Amino acid sequence: MKQLTANELRQKYIDFYVSKGHKQISGASLIPENDPTVLFTTAGMHPLVPYILGADHPAGKKLVDYQKCIRTGDIDSVGDPSHLTFFEMLGNWSLGAYFKKEAIDYSYEFLTSVLGIDPSTLSVTVFAGDDKVPRDDEAAERWMSHGIPKERIFFLPREDNWWGPAGETGPCGPDSEMFIDTGRPACGPDCRPGCHCGKYLEIWNDVFMGYKKTKEGTFVPMDRKCIDTGMGIERTISILQGKKSVYETEVFTPILDGISRLCGKKYGESEETDMSMRIIADHIRTSVFILGDEKGMAPSNVGQGYILRRLIRRAVRHGHKLGIDKPFLCDLVPIVLDLYGAPYPELLAHKAFILDELANEESKFSDTLEKGEKEFEKMLPNLLKDPKKCIGGRTAFKLYDTYGYPIELTKELAKEHGMTVDEAGFKEAFEKHQAISRGGAEQQFKG
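Residues numbered from 1 in each chain as written. Predicted model: local features only at pLDDT ≥ 70, side-chain atom pairs only at ≥ 80, totals over all residues. Heavy atoms only, no water.

## Side note on the pairing of strand β7 (residues 170-181)
Line of reasoning, step 1. Along β7, 11 of the 12 residues are buried, which leaves the element largely enclosed by surrounding structure.
Line of reasoning, step 2. Pairing analysis gives 4 bridges linking strand β4 (residues 122-127) to β7, with the strands arranged antiparallel. Its bridge partner lying in β7, L122 is registered against I180.
Line of reasoning, step 3. By the bridge criterion, 2 bridges tie strand β6 (residues 162-163) to β7 in an arrangement that is antiparallel. (Buried < 20%, exposed > 50% of the residue type's maximum accessible area, 1.4 Å probe, protein only. Helix = DSSP H or I, 4+ residues; strand = E, 2+ residues; numbered from the N terminus. Pairing = 2+ DSSP bridges.)

Now the structure itself:
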C-alpha cells in the first residue's frame with residue numbers, strides 16, 4: 001500500500017477519474033439547499049440529488065469531486081479514537097452514463113493500481129436482497145471477474161448493504177463495500193466484513209442508485225440508473241498509513257500538538273487527557289468549517305447554529321478540563337486554516353468572521369461554564385448517595401435555568417461520574433417553566 005497524505009489522496013482520486021472521462025466539479029456548501037430533513041450535507045451525493053433524479057448537470061454525466069460533510073448523530077461519541085463530526089468524502093458519479101460493471105472496474109483499478117493495495121487482502125460485500133429488492137448477483141459476478149474469490153464476497157442484509165436516501169425519500173440503492181483484511185485472526189466463526197473486531201477495515205463504498213424511495217416506503221426502479229461512490233479521506237489515509245486511529249494522521253496531529261502546547265500535556269500519556277484533546281481537535285475543525293462555509297452560520301439556539309454552539313461549548317469545557325484557563329480556540333484556527341486553506345479557499349476568505357464568532361462564543365460561555373461546574377461540584381456528594389445514580393430532571397433543569405448550563409454538558413458530567421440524567425424529568429420541568437412563562441406574559445398583556 002502507498003502511504004499517502006490527505007492532500008495526495010485527494011489529488012490522485014481526482015486525477016484518476018478525470019483520466020476516465022469524468023469532469024471535476026466543486027463540492028457544495030455544508031448547508032443543504034431545499035432539504036428540511038437534514039441540518040448539514042451528510043454525504044457527497046446530497047447536493048447531486050436533483051441530477052440523480054433526472055435533471056441535466058451542466059458538467060455532463062460523469063463527475064468527480066471532494067465534498068465536506070458533517071454528521072451530528074455521533075457528537076456524544078466523539079472522543080473515542082474513531083468518531084468524527086466533520087469529514088471529507090471523495091466521490092465519482094455516473095448520471096446514466098454507466099452502471100455496476102464500470103463502477104466496480106474503476107474501483108478495483110484505483111485500489112490495486114493507484115493505491116497499491118494487494119488484491120489478496122481485498123474482501124467485498126454486496127446486497128443479500130429482501131422482500132422489496134432482489135439479491136445483487138450482478139455485482140458479485142463482476143467482483144469475481146477481477147479475481148475476488150467467492151469466499152471473500154459476502155452477501156449482507158439491508159442494514160449493511162443499502163444506501164440512502166439522504167432524507168426520508170429520494171434516490172437510493174444496494175451498495176458494494178470494499179474492505180482490507182488486516183491479517184488479524186478472526187474473532188469467531190461469524191467474523192466477516194462489517195464486524196467490529198478490527199480484522200476488516202472498510203475503505204470504499206459503491207452505491208448502485210437504481211431506486212427511488214417514495215413517501216409510502218416503497219422502492220420504485222429509476223429509469224436512469226446512477227452511480228454514487230464514497231471514500232472517506234480521513235479513514236482511508238489512516239488505513240494506508242497503517243495508523244490505529246484517524247487522530248494519528250497529519251490532518252489531526254498538528255491540531256493536537258497545538259492543544260498540547262496550550263495545556264502543557266502530551267497526547268498519548270493519559271486516556272482521559274487524550275479524550276479531551278480529541279474532542280477539542282474534532283470540534284474546532286468542524287466549527288471552523290461551519291463558520292467558514294460560503295453560507296457561514298453563526299452560533300445560535302436553533303438548527304445548524306445550535307449544533308455549532310454545542311460543539312464550541314463542548315470544546316471549551318474540555319479545554320477547562322485540561323487546565324487551559326484562558327480563551328484558546330482562536331489560537332487553533334491558524335492550524336486548521338494551514339491544513340485546509342488550499343482545498344477550501346472559502347475558509348481563508350472568512351477568517352475574520354471565524355475568529356470573531358469563536359472569540360465571542362467562548363467569552364460568553366466561559367462564565368457560564370465556571371458557575372455551572374462549581375454548582376455541580378457542590379451537588380455531587382449528595383448526588384452520589386442516590387443508589388440509582390441518576391440526576392433528577394429538576395436538578396438538571398436548575399443547572400440550566402439558573403446557571404445556563406446545557407443539558408448535554410450535564411449528561412457528560414454525569415457520565416464522567418458514573419451517573420445518568422433523567423432527561424424526561426428535565427423535559428417536563430422545562431415545559432412547565434415555559435407554560436408558566438407564557439401564562440405570565442399573557443396576564444401582563446391583558447393588564
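Back to the text.
## Considerations on the packing of helix α9 (residues 303-321) against helix α12 (residues 351-385)
Line of reasoning, step 1. The contact between α9 and α12 brings their axes to 9 Å, and the two run at 60°. As far as their axial angle goes, α12 and α9 are oblique. The interaxial crossing formed by α9 with α12 has right-handed handedness. Listed contacts from α12 to R309, I312, R313, V316, R317 and H320 of α9 are L358, E361, E362, K364, F365, S366, L369 and E373.
Line of reasoning, step 2. A per-class count over the contact of α9 with α12 returns 5 nonpolar, 2 polar and 7 charged. (Axes fitted to C-alpha atoms, helices over the stretch in contact; angles between N-to-C directions. Parallel < 35°, antiparallel > 145°, perpendicular 65-115°, else oblique. Left-handed = near helix turned anticlockwise from the far one by under 90°. Contact = heavy atoms within 4.5 Å. Nonpolar A, V, L, I, M, F, W, Y, C, P; charged D, E, K, R; others polar.)

## Section: the environment of S94
Line of reasoning, step 1. Looking at where S94 falls in the secondary structure, it is placed in strand β3 (residues 86-95).
Line of reasoning, step 2. Assessed through its relative accessible area of 0%, S94 is described here as buried.
Line of reasoning, step 3. Measuring from C-alpha to C-alpha, the distance between S94 and D190 comes to 35 Å, with 96 residues separating the pair along the chain.
Line of reasoning, step 4. In this structure, S94 is in contact with K61, K225, C226 and I227, ignoring residues within four places of it in sequence.

## Thoughts on the state of the cysteines
Line of reasoning, step 1. Tallying each qualifying case throughout the model produces 0 disulfides.
Line of reasoning, step 2. Residue C172 stays outside any disulfide, its sulfur separated by 12 Å from that of C226, the closest cysteine. (Disulfide = S-S within 2.5 Å.)

## A few points about the side chain of E234
Line of reasoning, step 1. Its place among the elements puts E234 in helix α6 (residues 233-240).
Line of reasoning, step 2. Under the relative-accessibility criterion, E234 is labelled buried at 3%.
Line of reasoning, step 3. A distance of 3.2 Å separates a polar atom in the side chain of E234 from the backbone nitrogen of E88.
Line of reasoning, step 4. When sequence neighbours within four positions are dropped, the list of residues in contact with E234 reads L84, F86, F87, E88, V246, V251, R285 and Y340. (Polar contact = N/O pair within 3.5 Å; in protein donor to acceptor, adjacent residues only side chain to side chain.)

## Some details on the packing of aromatic side chains
Line of reasoning, step 1. Under the definition given, this model contains 26 aromatic pairs.
Line of reasoning, step 2. On the basis of an interplanar angle of 70° and a centroid distance of 6.1 Å, the ring pair of F99 and F208 is categorised as edge-to-face. A residue pair is termed long-range when its members are at least 10 positions apart, and F99 in the loop between β3 and α3 (100-114) and F208 in strand β8 (residues 200-213) qualify at 109 residues.
Line of reasoning, step 3. Among the residues examined, F208 registers a relative accessible area of 1% and is labelled buried.
Line of reasoning, step 4. Ring centres 5.3 Å apart and planes at 85° place the aromatic pair F289 and Y344 in the edge-to-face group. Linking F289 in helix α8 (residues 271-291) with Y344 in the loop between α10 (329-340) and α11 (345-349), this pair joins segments that are 55 residues apart in sequence. The burial state of F289 is the same as that of Y344; both residues are buried.
Line of reasoning, step 5. Grouped by ring-pair contacts, the aromatic residues Y13, F16, Y17, Y98, Y106, F110 and W204 constitute a single cluster.
Line of reasoning, step 6. Between R135 and the ring centre of F155, over which it is positioned, the NZ or CZ distance is 3.6 Å.
Line of reasoning, step 7. A cation over a ring is seen here: R158 above W162, with NZ or CZ 4.2 Å from the ring centre. (Phe/Tyr/Trp six-rings, centres within 6.5 Å; stacked < 30°, edge-to-face > 60°. Lys NZ or Arg CZ within 6 Å of the ring centre and 35° of its normal.)

What is shown is where atoms sit, not what they do.
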